[in-house]
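The residues making up each chain are set out below.
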Amino acid sequence: MRSTTTTTPEGLKTNFRWDGGRRVADDQNVAYILPSDQGEVERLKINHNLWRNLMNGLYKSEIHEKLVNGIRVLDVGCGPGWWTLDMARMYPNSQFVGIDMADVFVTADLPPNVTFKIMNAGVGLDFESSSFDFVFQRFLVMGLPGDQYVHSVKEMKRVLKTGGGIEILELVNDYQNASPAFTQISAWKLDSFIADKVSTFLSEAGFANIKDVNYDVPIGKWGGQEGETFLAIQRLALPAVKVMVTQLTGATAHEYDRVAQKALEEANHYQVSTRFRLIYGTAQ
């Protein structure tokens, strides 16, 4: 196990360590404990493409005309920045800012309307109030504990202009038709049922016109192309989750590997699927 430090141009530092061959955050102010390395960059690319197909686009909020004319957009927990980059190329008149606690940003052929910054959304957003027109966030339930998640929603409300939009996509820790192995994996995970509470968080923060959409995504060839793609994602995601599980539970690496492999083998037979929620609304 060795440590590394990433320093941004602004002088901020994020400490990392290598655990089981994966680079993970080693910072008391960072709750995110999935890996931040090239393997995760590759998984997130496949995941981004899957959701672009599932949603038939990159977002559900009714902001197309505003994006065409030019607005300022914040992508919270952007990871490599796949969503930010696709949006920036689609809407060259708008400005896009992607933030993440780790420097895994894809900067090759960076569009001129994109800025990436290292920032920990769990402790606050270092932006002026009412400085964005749209805020997008996805898959941070395993990166923000409940209290930090609520704080993050309030911060997103603060940086949004009145009438600005918010859109959040999250995983729910709930396998449908779960096999025995997937049931065990679900029991090991953190409280990613936070996703079922996001609508309430938005309402309590002062958002209006809130819409909540459920997605049930198949794992395995029984679900067609989407199922096969999501199975490929699971082959990358389950090893990434191992770092978290072995840190926070009594499971050994060997035990986790055995259960994860069994889950992948069982997914098609049991017709397992995973639940997600997409929530969007307007700042008042």
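Attention in this report is confined to the structure presented alongside it. Quantities reported herein were computed from a predicted structural model and do not represent experimental measurements.

## Quick notes on the overall build of the chain
Right, on to step 1. Helix and strand content of the chain: eight helices and ten strands.
Right, on to step 2. Going through the 284 residues of the chain one by one, you find that 55% of them count as buried.
Right, on to step 3. A fraction of 69% describes how many contacts in the chain between residues 6 or more apart in sequence connect residues 24 or more apart.
Right, on to step 4. Carbon together with sulfur atoms contributes 48% to the accessible area of the chain, which is approximately 12500 Å² in total.

## Comments concerning the packing of helix α7 (residues 224–248) against helix α8 (residues 253–270)
Relative placement of two packed helices is described by the angle separating their axes and the distance separating the axes.
Right, on to step 1. Where α7 contacts α8, the axes come no closer than 10 Å and their chain directions differ by 160°. The pairing of α7 with α8 is recorded here as roughly antiparallel in orientation. For α7 against α8, the interelement crossing comes out right-handed. From α7, Leu231, Gln234, Arg235, Leu238, Val241, Lys242, Val245 and Thr246 reach across to α8, where they touch Ala253, Tyr256, Asp257, Ala260 and Leu264.
Right, on to step 2. For the contact of α7 with α8, a count of residues per class yields eight nonpolar, two polar and three charged.

## What about the pattern of salt bridges?
Right, on to step 1. In the structure shown here, the tally under the stated rule is eight salt bridges.
Right, on to step 2. Note that arginine 52 and aspartate 86 form a salt bridge whose closest N and O atoms lie 2.7 Å from each other. Of this pair, arginine 52 sits in helix α1 (residues 38–54) while aspartate 86 sits in helix α3 (residues 82–90), and the two are 34 residues apart along the sequence.
Right, on to step 3. Looking at arginine 52, the relative accessible area reads 32%, which means it is partly exposed.
Right, on to step 4. A single salt-bridge network, built from bridges that share partners, covers Asp174, Asp196, Asp212, Arg275 and Arg277.

## Concerning α8
Right, on to step 1. An ideal rise of 1.5 Å per residue puts 26 Å on 18 residues; α8 measures up with 25 Å between its terminal C-alpha atoms.
Right, on to step 2. Of all bends in α8, the biggest is about 30°, found at leucine 264.
Right, on to step 3. All buried positions along α8 are accounted for by Tyr256, Val259, Ala260, Ala263, Leu264, Glu266 and Ala267.
Right, on to step 4. Check the buried side of α8 and you find it contacts α5 (180–188) and α7.
Right, on to step 5. At the exit of α8 stands glutamine 271, carrying a positive phi of roughly 55°.

## With respect to helix α6 (residues 198–205)
Side chains of residues three or four places apart in an α-helix project in the same direction, reflecting 3.6 residues per turn.
Right, on to step 1. Along α6, the residues that are buried comprise Val198, Ser199, Phe201, Leu202 and Ala205. Mapping the buried residues of α6 onto a view down its axis gives an arc of 160°, with all of them on the same face.
Right, on to step 2. Among the structural elements, α4 (146–159), β8 (160–176), β9 (207–218) and β10 (273–283) are those in contact with the buried residues of α6.
Right, on to step 3. Among the residues trailing α6, glycine 206 stands out with phi positive, at a value near 105°.

## Description of the packing of aromatic side chains
Right, on to step 1. One pass over the full model with this rule turns up 13 aromatic pairs.
Right, on to step 2. Both rings, one in tryptophan 51 and one in phenylalanine 139, keep their centres 6.2 Å apart while their planes meet at 55°; by these two values the pair is tilted. Of this pair, tryptophan 51 sits in helix α1 while phenylalanine 139 sits in the loop between β7 (132–138) and α4, placing them 88 residues apart in sequence.
Right, on to step 3. Measuring from centroid to centroid gives 6.0 Å for tyrosine 149 and phenylalanine 201, while their planes differ by 40°, and the two rings are tilted. Here tyrosine 149, found in helix α4, pairs with phenylalanine 201, found in helix α6; they are 52 residues apart in sequence, far enough to count as distant. Taken individually, tyrosine 149 and phenylalanine 201 each receive the classification buried, so the pair is uniform in this respect.
Right, on to step 4. An aromatic cluster of three or more residues is present, and its members are Trp51, Phe139, Tyr215, Phe230 and Phe276.
Right, on to step 5. Just above the ring of phenylalanine 132 sits the side chain of arginine 72; from NZ or CZ to the centre is 4.2 Å.

## Here we look at the layout of surface pockets
Right, on to step 1. Taken as a whole, the second largest pocket holds about 170 Å³ of empty space.
Right, on to step 2. Forming the boundary of the second largest pocket are 13 residues, of which Ser61, Glu62, Tyr280, Gly281 and Thr282 lie nearest the centre.
Right, on to step 3. Broken down by secondary-structure element, the contributors of at least two residues to the lining of the second largest pocket are β8, β9 and β10.
Right, on to step 4. Per element, the largest residue contribution to the lining of the second largest pocket is four residues, and it comes from β8.
Right, on to step 5. Class assignment of the residues belonging to the lining of the second largest pocket gives a composition of three nonpolar, seven polar and three charged.

Cut-offs and rules
- Residues numbered from 1 in each chain as written.
- Predicted model: local features only at pLDDT ≥ 70, side-chain atom pairs only at ≥ 80, totals over all residues.
- Heavy atoms only, no water.
- Helix = DSSP H or I, 4+ residues; strand = E, 2+ residues; numbered from the N terminus.
- Buried < 20%, exposed > 50% of the residue type's maximum accessible area, 1.4 Å probe, protein only.
- Contact = heavy atoms within 4.5 Å.
- Areas by Shrake-Rupley, 256 points an atom, 1.4 Å probe, with all protein chains shown as cover.
- Axes fitted to C-alpha atoms, helices over the stretch in contact; angles between N-to-C directions.
- Parallel < 35°, antiparallel > 145°, perpendicular 65-115°, else oblique.
- Left-handed = near helix turned anticlockwise from the far one by under 90°.
- Nonpolar A, V, L, I, M, F, W, Y, C, P; charged D, E, K, R; others polar.
- Salt bridge = Lys/Arg side-chain N within 4 Å of Asp/Glu carboxyl O.
- Expected span 1.5 Å × (residues − 1).
- Bend = angle between axes of the 7 residues up to and from the residue.
- Arc of directions from axis to C-beta.
- Phe/Tyr/Trp six-rings, centres within 6.5 Å; stacked < 30°, edge-to-face > 60°.
- Lys NZ or Arg CZ within 6 Å of the ring centre and 35° of its normal.
- 1 Å grid on protein atoms, 1.4 Å probe; cavity = no way out; pocket = protein on both sides within 12 Å on 5 of 7 lines; lining within 4 Å.
- Points joined across faces, edges and corners; volume = space filled by probe spheres on them.

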